[in-house]
Amino acid sequence: MSREEYQVPTGSGSSIGVGGSSSAPAARDYASEGGGTMHYICGDCSSRVPLEKGTGIRCQKCGARVLYKERTKRMVQFEAR
């Protein structure tokens, strides 16, 4: 996706400046997905695994214990000097 095609998400109510960081969008996404459920990708079978806070780290399909966080859908841009 090129920079010209990127559309700024609307409806968040807060604005983040260029080069700034805020934990509010990540916290909002975490809370909006069913009260503490995060989704991970299994390292062995590549299935999407929902995990709640405090549960054991294990894939329900293959039993593997290697899970990766899903990549964010937001555009991440850093300012280099």
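Everything here concerns the structure above.
Residues numbered from 1 in each chain as written. Predicted model: local features only at pLDDT ≥ 70, side-chain atom pairs only at ≥ 80, totals over all residues. Heavy atoms only, no water.

Peer 1: Which residues make up the overall build of the protein chain, and what values do they have?
Peer 2: Within the protein chain, the regular secondary structure consists of one helix and three strands. Ordered by position in the sequence, the α and β elements of the protein chain form the string α-β-β-β. Here the protein chain holds 81 residues, and 15% of them are scored as buried. Look at the contacts in the protein chain between residues 6 or more apart in sequence, and 24% of them connect residues 24 or more apart. Accessible area for the protein chain stands at about 7100 Å²; split by element, carbon and sulfur atoms hold 50% of it. (Helix = DSSP H or I, 4+ residues; strand = E, 2+ residues; numbered from the N terminus. Buried < 20%, exposed > 50% of the residue type's maximum accessible area, 1.4 Å probe, protein only. Contact = heavy atoms within 4.5 Å. Areas by Shrake-Rupley, 256 points an atom, 1.4 Å probe, with all protein chains shown as cover.)

Peer 1: Which residues make up the sheet that holds strand E1 (residues 37-42), and what values go with them?
Peer 2: With antiparallel pairing, the three strands of this open sheet are ordered in space as E2-E1-E3. The two strands at the open ends of the sheet, each matched to only one other strand, are strand E2 (48-52) and strand E3 (67-69). Between one strand axis and the next, the sheet turns by 50° as a mean value, whatever way the strands run. Here E1 runs beside E2; their pairing, made up of five bridges, is antiparallel. By the bridge assignment for E2, His39 is matched with Pro50. (Pairing = 2+ DSSP bridges. Axes fitted to C-alpha atoms, helices over the stretch in contact; angles between N-to-C directions.)

Peer 1: Tell me about the environment of Cys59, residues and numbers included.
Peer 2: With respect to the element layout, Cys59 can be found in the loop between E2 and E3. Residue class for Cys59 comes out buried when judged on its relative accessible area of 3%. Residues Cys59 and Val49 lie ten residues apart in sequence; the distance between their C-alpha atoms is 6.3 Å. Ignoring any residue separated from it by four or fewer positions in sequence, one finds Cys59 in contact with Cys42, Cys45, Ser47, Val49, Ala64 and Leu67.

Peer 1: Can you tell me about the nonpolar core, naming the residues and giving the values?
Peer 2: Across soluble globular proteins, you tend to see nonpolar side chains buried next to one another. Within the largest apolar cluster, seven residues are counted, these being Tyr40, Cys42, Val49, Leu51, Cys59, Ala64 and Leu67. Within the residue set of this core, elements represented by two or more residues are E1 and E2. Other than its neighbours up to four places away in sequence, Ala64 contacts Cys42, Asp44, Arg58 and Cys59. (Core = buried A, V, L, I, M, F, W, Y, C linked by side-chain atoms within 4.5 Å.)

Peer 1: Tell me about the side chain of Ser47, and name the residues and values.
Peer 2: When you line up the elements, Ser47 lands in the loop between E1 and E2. Since its relative accessible area comes to 10%, Ser47 is described here as buried. Ignoring any residue separated from it by four or fewer positions in sequence, one finds Ser47 in contact with Tyr40, Ile41, Cys42, Cys59 and Lys61.

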